[in-house]
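Reading the structure
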Amino acid sequence: MRTVLISGGGIAGPALAFWLRRHGFAVTVVERGPGVRPGGQAVDVRGVALDVIERMGLLEEARRVRTRMRGMSVLDPEGKEIDRSTEVALSSGRLDSDDIELLREDLVRMVFERTRGDVEYLFGDTITALDEDGTGVRVDFGRAPSRTFDLVVGADGLHSTVRRLAFGPEERFAHHLGSYLSVFSADNFLGLEDWQVWLRDGDIGFGIMAVRDNTELRVAFGFESGPLARDAGALRRIITERLASLRWEGPRLAEAARNAPDFYCDAMAQIRMDRWSQGRVALLGDAGYCPSPLSGQGTSLALVGAHVLADCLAQAPDDHTAAYTRYEERMRPFVALNQSLATENPGGPAGEGSVERAKNALSLDG
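Residues numbered from 1 in each chain as written. Predicted model: local features only at pLDDT ≥ 70, side-chain atom pairs only at ≥ 80, totals over all residues. Heavy atoms only, no water.

**Focus: the sheet that holds strand β10 (residues 127–132)**
Ordered in space as β10-β11-β12, the three strands form an open sheet in which the pairing is antiparallel. Single-partner strands in this sheet number two, and they are β10 and β12 (147–149). In this sheet, adjacent strand axes meet at a mean angle of 30° when their direction is disregarded. Of the strand pairs in this sheet, strand β11 (residues 137–141) and β12 are connected by three bridges, and their pairing is antiparallel. Counted as the bridge partner of Val137 is Phe149 from β12. (Pairing = 2+ DSSP bridges. Helix = DSSP H or I, 4+ residues; strand = E, 2+ residues; numbered from the N terminus. Axes fitted to C-alpha atoms, helices over the stretch in contact; angles between N-to-C directions.)

Rendered as structure tokens:
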């Protein structure tokens, strides 16, 4: 039985593990975190990605736990409502769409539960070295003993360890898009009910939505900036200071960011590479072609990429070079269209026609 090591326990990695097990591969997933990670923004499953989760048997569950926004308000810097809609939400698009918006942590949990019975998970560990020869890839871990696998897939995000070890430093592939995004949770001190609010004040802005039966807020805060050092403590301080400067609810938002156990902040950036494979190692999702949250398509790319990569490996189980080549041929046009959503209109959402073309521009059975 062919063995595959996947680095990354978010959405892309476990989704690939699901499909590879279906095709008879033995799969191990290594994840740096101590378990399935909580937190994160609401994510969208759109177009062909809906077909993927339906084939995984997750569509009905995803519909049950989806966000159920009634609408949104747009506020001025003082907190006065200047626009509202009960037809469209900035986080997800048209409210009558077949697309599904759900919390990232819910989708991660769903895919993990579908794979935990027949996939080996190594939590609290990471890859430290890759050494490929003619028969496999010897992998050194931070904690577990070294092992050899037939194939290795990096599904470990924007700051992929596998990409760095197999392809080189991140700076060669990361393209900063001029801003940062922070996401964190808070008690629903605003009293929102299936509603979201959006506010922009100069070069900073945020969206807040009620989740978990309106008991919790999920805050997505963005600000314009050139590249900053990847220092979690410093980034949290920057966020709290900028939130505190807001004229509307600044102090309470700053306090929530300061104390949030699920605080996240990272650059809006894309990963662009000439190839996604090197020998027996391949990249999936954000590790190889992060479109940035500005595209709204990162989750869909991860789900679709996982299905396509597994399908290509199943069609050529003894020829990884041919499988990886076919994976890139099928995915690259889809990735290009989706990455363009984040760059064609940097100051706002992409046009509806562009989104429709991007989210459906691939056949799962190609």
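**Brief notes about the sheet that holds strand β4 (residues 71–75)**
In sheet architecture, strand pairing relies on hydrogen bonds along the backbone and comes in two forms, parallel and antiparallel. Sheet architecture is open: seven strands sit in the order β5-β4-β15-β16-β17-β14-β18, paired in mixed fashion. The two strands at the open ends of the sheet, each matched to only one other strand, are β5 (81–85) and β18 (264–271). For this sheet, the mean angle separating the axes of adjacent strands, direction not counted, is 20°. Packing against the sheet, helix α7 (residues 250–259) makes contact with β14 (174–187), β16 (204–211) and β17 (216–224), and its axis sits at approximately 95° to β14. (Contact = heavy atoms within 4.5 Å.)

**Some details on the pairing of β4**
A large share of β4 lies buried, amounting to four of its five residues. As paired strands, β4 and strand β15 (residues 195–201) are joined by five bridges and run parallel to one another. Its bridge partner being in β15, Ser73 is matched across the sheet by Val197. Bridge count for β4 against β5 is four bridges, and the pairing is antiparallel. Across the sheet, Leu75 pairs through a bridge with Glu81, a residue of β5. Here β4 folds back onto β5 in antiparallel fashion, the turn holding five residues, of which Gly79 has a positive phi close to 95°. (Buried < 20%, exposed > 50% of the residue type's maximum accessible area, 1.4 Å probe, protein only.)

**Looking at the nonpolar core**
With 79 residues, the main nonpolar core has Ile6, Val304 and Met331 as its most contacted residues. At 10 residues, helix α9 (residues 298–315) tops the list of elements feeding residues into this core. The contact partners of Val304, leaving out residues within four places of it in the chain, are Val48, Ala49, Val52, Met331, Phe334, Leu362 and Leu364. Listed in part, the 29 residues of the second largest apolar core include Phe206, Trp248, Leu253 and Ala267. (Core = buried A, V, L, I, M, F, W, Y, C linked by side-chain atoms within 4.5 Å.)

**Focus: the packing of helix α6 (residues 232–244) against α7**
The geometry of α6 relative to α7 is characterised by a closest axis approach of 7 Å and an angle of 165° between their N-to-C directions. The angle between α6 and α7 falls in the class roughly antiparallel. Once α6 is placed against α7, the crossing between them reads as right-handed. Across the interface between the two elements, Arg236, Ile239, Thr240, Leu243 and Ala244 from α6 touch Gly250, Leu253, Ala254, Ala257, Arg258 and Asn259 from α7. (Parallel < 35°, antiparallel > 145°, perpendicular 65-115°, else oblique. Left-handed = near helix turned anticlockwise from the far one by under 90°.)

**Comments concerning the pairing of strand β13 (residues 151–154)**
In β13, alternate side chains face the same way, and those of Leu151 and Val153 on one face and Val152 and Gly154 on the other are all buried. With four bridges joining them, strand β1 (residues 3–7) and β13 adopt parallel strand pairing. Looking across to β13, one finds that Ser7 is bridged to Gly154. Where β13 and strand β20 (residues 281–283) come together, three bridges link them in parallel fashion. Along β20, the bridge assignment pairs Val153 with Ala282.

**A closer look at the side chain of Thr299**
Relative to the helices and strands, Thr299 resides in helix α9. Once residues within four sequence positions are removed from consideration, Thr299 is found in contact with Ile11, Val43, Asp44, Val45 and Leu107.

**Concerning the side chain of Ser185**
When you line up the elements, Ser185 lands in strand β14. Since its relative accessible area comes to 15%, Ser185 is described here as buried. Only 2.8 Å separates the side chain of Ser185 from the side chain of Asp262, close enough to count as a polar contact. Discounting chain neighbours no more than four positions away, the residues touching Ser185 are Glu216, Leu217, Arg218, Ala256, Ala260 and Asp262. (Polar contact = N/O pair within 3.5 Å; in protein donor to acceptor, adjacent residues only side chain to side chain.)

**Some thoughts on α6**
The first and last C-alpha atoms of α6 sit 18 Å apart over 13 residues, in line with the 18 Å expected at 1.5 Å per residue. Leu235, Ile239, Thr240 and Leu243 are the residues of α6 that are buried. Taken around the axis of α6, the buried residues stretch over an arc of 135°, which confines them to a single face. Close packing links the buried residues of α6 with β14, β17, α7 and β18. The N-cap of α6, judged by a side-chain oxygen 3.0 Å from the amide nitrogen of Gly233 a few residues on, is Asp231. (Expected span 1.5 Å × (residues − 1). Arc of directions from axis to C-beta.)

**A word on the pattern of salt bridges**
Per the counting criterion, the structure on display carries 26 salt bridges. Salt-bridge contacts for Arg94 lead to Asp96; the nearest nitrogen and oxygen are separated by 3.0 Å. Under the relative-accessibility criterion, Arg94 is labelled partly exposed at 37%. Given a relative accessible area of 56%, Asp96 falls into the exposed group. The partner of Arg218 in a salt bridge is Glu105, with the nearest N and O atoms 3.5 Å apart. With Arg218 in strand β17 and Glu105 in helix α4 (residues 104–115), the pair connects residues that are 113 residues apart, well separated along the chain. Across this residue pair, the class does not change: Arg218 and Glu105 are buried. (Salt bridge = Lys/Arg side-chain N within 4 Å of Asp/Glu carboxyl O.)

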